[in-house]
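Residues per chain are reported as follows:
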Amino acid sequence: MKLFLIDAYALIYRSYYAFIKIPRINSKGVNTSAIFGFINSLEDILKRENPTHIAVAFDPHGPTFRHEAYEQYKAQREETPEVIKQSVPIIKNIIKAYNIPILEVAGYEADDVIGTIAKQAAKEDFDVYMMTPDKDYGQLVEDHIFMYRPRFGGDYEIMGVPEVLNKYGLTSTEQVIDLLGLMGDTSDNIPGCPGVGEKTAQKLLTEFGTIENLLANTDKLKGAQRIKVEKNAEQIRFSKFLATIKTDVPIQFDANLYIREKPDVEQLTKIYTELEFRTFINKLSEEVKKPLPKQPLQGDLFGLFEVETTSASKYSTLADLRSISHKYYIADTEQKQNDLASFLENQEFFAFDTETDNIDPLNAGLVGMSFAVKENEAWYVPVPENSIEADKVVSRFSPALENEKIQKIGQNIKFDILVLRKYRVKVAGPLFDTMIAHYLLNPELRHGMDYLAETYLKYKPIPIEELIGTRGKKQLSMRDVPLSKISEYAAEDADVTLKLRNYFAPELKKEGIDSLFYDIEMPLIYVLTDMEATGVTIDTIALKQSSEELSIVMVALEKEIYEMAGKKFNINSARQVGEILFDHLKIEEKAKKTKTGNYSTSEDILEKMRGKHPIIGKLLEYRGLKKLLSTYIDALPELIRPTSGKIHTSYNQAVTATGRLSSTNPNLQNIPVRDELGREIRKAFTADNTNCIFFSADYSQIELRIMAHLSNDQHMIDAFCSGADIHAATAAKIYGVPLEEVTSDMRRKAKTANFGIIYGISIFGLSERLNIPRAEAKELIDGYFQSYPRIREYMDESIANAKEKGYVETIFKRKRFLPDITSHNAIVRGYAERNAINAPIQGSAADIIKVAMIRIFNRFEKEKLKSKMILQVHDELNFNVYKDELETVKQIVLEEMEGVIKLQVPLIADCGEGTNWLEAH
DNA sequence: ATCGGGTCGAG
DNA sequence: CACTCGACCCGAT
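Residues numbered from 1 in each chain as written. Chains lettered and ligands numbered in written order. Predicted model: local features only at pLDDT ≥ 70, side-chain atom pairs only at ≥ 80, totals over all residues. Heavy atoms only, no water.

Caption draft 1: Here's a closer look at the overall build of chain A. Looking only at helices and strands, chain A features 39 helices and 22 strands. In terms of overall dimensions, chain A has C-alpha extents of about 105 × 80 × 60 Å along its principal axes. Looking at chain A as a whole, 52% of its 921 residues qualify as buried. Within chain A, contacts between residues at least 6 apart in sequence are counted, and of these 68% link residues at least 24 apart. (Helix = DSSP H or I, 4+ residues; strand = E, 2+ residues; numbered from the N terminus. Buried < 20%, exposed > 50% of the residue type's maximum accessible area, 1.4 Å probe, protein only. Contact = heavy atoms within 4.5 Å.)

Here it is in structure tokens:
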């Protein structure tokens, strides 16, 4: 099959200028050069090439994405000649009369549309010919895609891959972009690199392959050329962007719409008569007799039922094409809902999304649900506000949602599972969360659906503001959005989610992270959902009492501080504190400043000044109390849900760069423990009731053990295998003394060194941290590497590995990309190097505890325990345990935590229990 | 109202 | 110039 795609403006301009010296003017004085030339070319193709499929692409009226990025784009090109402006509508009418579809997409130029359609059609057994004289189309040429360039004298040049490569001396057609990016293109106003023409550009590309590679290796260039390239690096990059034809325009190739049809002779005769194109009128009578090219069979679809029309001309603009390109339905009757539900029950997967009246899932009421099974097709099910009615509707979908065989696809699906839980639906079966898929593919990017849709689908979903108004102004509840709007929005969400899954699933496989995704992250969703829904009990009364006591102390402290300072100020303002200390009281001459120029008053700095003035101690005390009071003591009771009487944190599975979870609303992963007052807060986290006990288990030195395993350092492995206190053992080695003679100071320093190593610490950093001279810090580190010789090698290997591959990975193949590892800026590079060391360690620990959580959860379910996992704090798991289950729980938890993976060192978990979190530790 | 900076809680 | 986070407060916009 043969598809012709015509760049209309390119041909129109060419025709116009071809006749510029002797324009064709008819008796009414109309300049018909452009129209005549265009029809001539069109007729020529139809006759010569007899395409089976055809379409014509126009540039849209408004600005395109290129204009948005570069206002000068095509600015220097003179205004479109008046004649052409007048000719375009006539030409469009002629094309319509030919029954040829017109493609026009707002925001994209014709070449982007042609590029997109060409790539799609080439995958469907078409030979695609792009008719245009513009050389930038060369970048699109591939196996079944050709350029069809008109040449002067009425013949054509067909350029396939070898022709393009030969003509420009390139090794791949994509290099056409680089070529244009370097040499520029005056007709498109692409600046390129000044002083670089076609020849130089070819030479540079032969050597470097791509612009990126060239710019990364300018040090290999000589003299003036190097300066030229380096000076214009940004412009070159931008030129490449401008020269790049997009192949992901939001348009779907549908062969049926492009099928060649007979022209509407009557209509054409009318137009040609008006234009006085007698020769064309004469040709028309012959044309109509000619048979159309044979269309290959389209499968069963057309045999089965009568298709009302396959006429492409019916859909002559993209807007029309798009309006039929998706079908969103509303299932608002019992009949429709039952039909939809049983349809879903027979699928292997479906995407779904919930619309709610609250962004907090535990507090949200269902407004509707949407489902998608096939791209561009989705259903919206409105859910009534009345809970009895709502249950009725929702329950129709329970069999589908609870079916263990059907994969559920969602964006942040934990939210939807939590919402449905309140409607007694227990979502089950394999999951596919597009947010988490993207998190694994690109941990440090954003993972919002709108962002994903725009980036990977080139599609901008309806913004939520369009439904409920912009934030700041009074917002509508989802409940008040009219059905016609919310259904489109919701159905689109399910549709987009499905499309994202189709995009990400192969990517996960390609990156080798599919097992991490399907075997760890997806099952973990059910675990987190359960933990969040369960919640943790807080002793409010104890907290209230602490609050009152502390408030009294704080008021007194405040008064003392004002007296010492000699005036009132805001103690909570770091800036004002700095001014009081350094300008007003002049406690210290040399003061460290923050990057914004204020005095730094952070804890470590104040701690060093403690002896200089009594106000320092008071300030530190005030700050400590204020933090505890506002962040924990006063805040936590506010977060208790009346529905459960407990606190329910939310775990975010797609935030950290290393693979850890994070906790919000509230953050239960930073509850104080280190000092005495903070511990009071831990005490307030209790078991649910007197039949229960708080049980806590945590990995012993998991990161250091992973370090020992990954580095293969026999000394560290031996230390762990002997069961010794690792910090004391390290101290003994560094200081060369027997284990019994290690002092607490030696152990403290060795412990700091152990942690520092994991973070890739420097001599300077260690000396700061331990408050010791640099020389001593150096000795410590030297001693460390002598004690554990393979550690240093491992660190160097990690960095080299990151440089070579661009990323590092954990034991379970979780990746972290480190593009800065090759930076010429030592600070930036240093940061990346420390990440190269730290990420595999911290990330592997995160992977391990995730696996443990899944296994523990599954065993609890299998053995039908009432006890629940309630908190995860990176290397620690906490449980509300029924007393009669304590031994079972302890056994399961330790067994699963320690048995996740066999490392070269034992994986050890310690545990404890008590009435509250503090006691359990 | 919103956002960035500073500080500090945790592993 | 030690890695990973989130919450609170201030103060500028």
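Caption draft 2: Fine view of the side chain of T649. By the secondary structure assignment, T649 is in the loop between helix 28 (614-633) and strand 14 (650-652). A residue is classified by how much of its surface remains accessible, and T649, at 4% relative accessible area, is buried. Of note is the side chain of T649, whose polar atom sits 2.8 Å from the side chain of S663. Separated by 3.0 Å, the side chain of T649 and the backbone oxygen of T664 make a polar contact. Discounting chain neighbours no more than four positions away, the residues touching T649 are E532, S663, T664, N665, P666 and L668. (Polar contact = N/O pair within 3.5 Å; in protein donor to acceptor, adjacent residues only side chain to side chain.)

Caption draft 3: Looking closely at the nonpolar core. In this structure, F371, F685 and M853 are the most contacted members of the largest nonpolar core, which totals 179 residues. In terms of residue count, the dominant contributor to this core is helix 37 (residues 826-862) (15 residues). In contact with F685, other than residues within four places in its own chain, are V536, T537, I538, L636, L668, I671, F694, N916 and W917. Core analysis: the second largest hydrophobic core is formed by 56 residues, Y137, C193, L205 and V229 among them. (Core = buried A, V, L, I, M, F, W, Y, C linked by side-chain atoms within 4.5 Å.)

Caption draft 4: Looking closely at the protein's contact with DNA strand C. Around DNA strand C, 35 residues are found, and the nearest of them are S573, A657, Y759, G765 and R769. Across the atoms of DNA strand C situated within 4 Å of the protein, the share located in sugar and phosphate is 69%. In this structure, a phosphate oxygen belonging to DNA strand C sits 3.1 Å away from a side-chain N or O atom of N570. At 3.0 Å from a phosphate oxygen of DNA strand C is found a side-chain nitrogen or oxygen belonging to Q576. (Near = heavy atom within 4 Å.)

Caption draft 5: Fine view of the domain arrangement of chain A. Here chain A is partitioned into domain 1 (2-161 + 245-269), domain 2 (331-534) and domain 3 (724-787). If you average the C-alpha positions of domain 1 and of domain 3, the two centres end up 72 Å apart. (Domains from an automatic or database assignment.)

Caption draft 6: Representation of unusual backbone geometry in the model. Of note, the amide linkage connecting N665 to P666 takes the cis form, showing an omega dihedral of 0 degrees. As for its position among the elements, P666 is in the loop between strand 15 (662-664) and helix 29 (676-683). Although it is not a glycine, R424 adopts a positive phi angle of roughly 60 degrees. Here R424 lies in the loop between helix 19 (413-421) and strand 12 (431-433).

Caption draft 7: Layout of the protein's contact with DNA strand B. Neighbouring DNA strand B are 25 residues; T601, E603, K627, V673 and D875 lie closest to it. When atoms of DNA strand B within 4 Å of the protein are sorted by moiety, sugar and phosphate together comprise 78%. Contact between DNA strand B and T601: a phosphate oxygen at 2.7 Å from a main-chain N or O atom of the residue. The side chain of Y632 places a nitrogen or oxygen atom 3.5 Å from a sugar or linking oxygen of DNA strand B. Per-element tally for the surface near DNA strand B: the top contributor is helix 28, with three residues. Residues that form the surface near DNA strand B fall into these classes: six nonpolar, 10 polar and nine charged. (Nonpolar A, V, L, I, M, F, W, Y, C, P; charged D, E, K, R; others polar.)

Caption draft 8: Seen up close, the packing of helix 1 (residues 8-18) against helix 4 (residues 82-97). Contact geometry for helix 1 and helix 4: axes closest at 11 Å, N-to-C directions at 130 degrees. It follows from the interaxial angle that helix 1 and helix 4 lie oblique. Taken as a pair, helix 1 and helix 4 cross one another with a handedness that is right-handed. Contacts from Y9, I12, Y13 and Y16 in helix 1 reach V83, I84, V88 and I91 in helix 4. (Axes fitted to C-alpha atoms, helices over the stretch in contact; angles between N-to-C directions. Parallel < 35°, antiparallel > 145°, perpendicular 65-115°, else oblique. Left-handed = near helix turned anticlockwise from the far one by under 90°.)

Caption draft 9: Expanded view of the packing of aromatic side chains. A complete count under the given rule lists 29 aromatic pairs for this structure. Ring plane angle 80 degrees and centroid distance 5.0 Å describe the contact between F4 and Y148, whose orientation is recorded as edge-to-face. Taken together, the residues span a long stretch of sequence, with F4 in strand 1 (residues 2-7) and Y148 in strand 5 (residues 145-150) at a distance of 144 residues. Given a relative accessible area of 0%, F4 falls into the buried group. With centroids separated by 6.3 Å and ring planes inclined at 65 degrees, the aromatic side chains of F350 and F352 adopt a geometry described as edge-to-face. Using a relative accessible area of 0% as the deciding quantity, one classes F350 as buried. One aromatic cluster is present, formed by F4, Y129, F146 and Y148 through successive ring pairs. (Phe/Tyr/Trp six-rings, centres within 6.5 Å; stacked < 30°, edge-to-face > 60°.)

Caption draft 10: Quick look at the packing of helix 37 against helix 38 (residues 886-898). The interhelical angle for the contact between helix 37 and helix 38, taken along N-to-C directions, is 150 degrees, at an axis separation of 9 Å. The chirality of how helix 37 crosses helix 38 is right-handed. When helix 37 is examined against helix 38, the residues A852, R855, I856, R859 and F860 are found in contact with a partner set consisting of V889, Q891, I892, V893, E895, E896 and M897. Its residues assigned to classes, the contact of helix 37 with helix 38 shows seven nonpolar, one polar and four charged.

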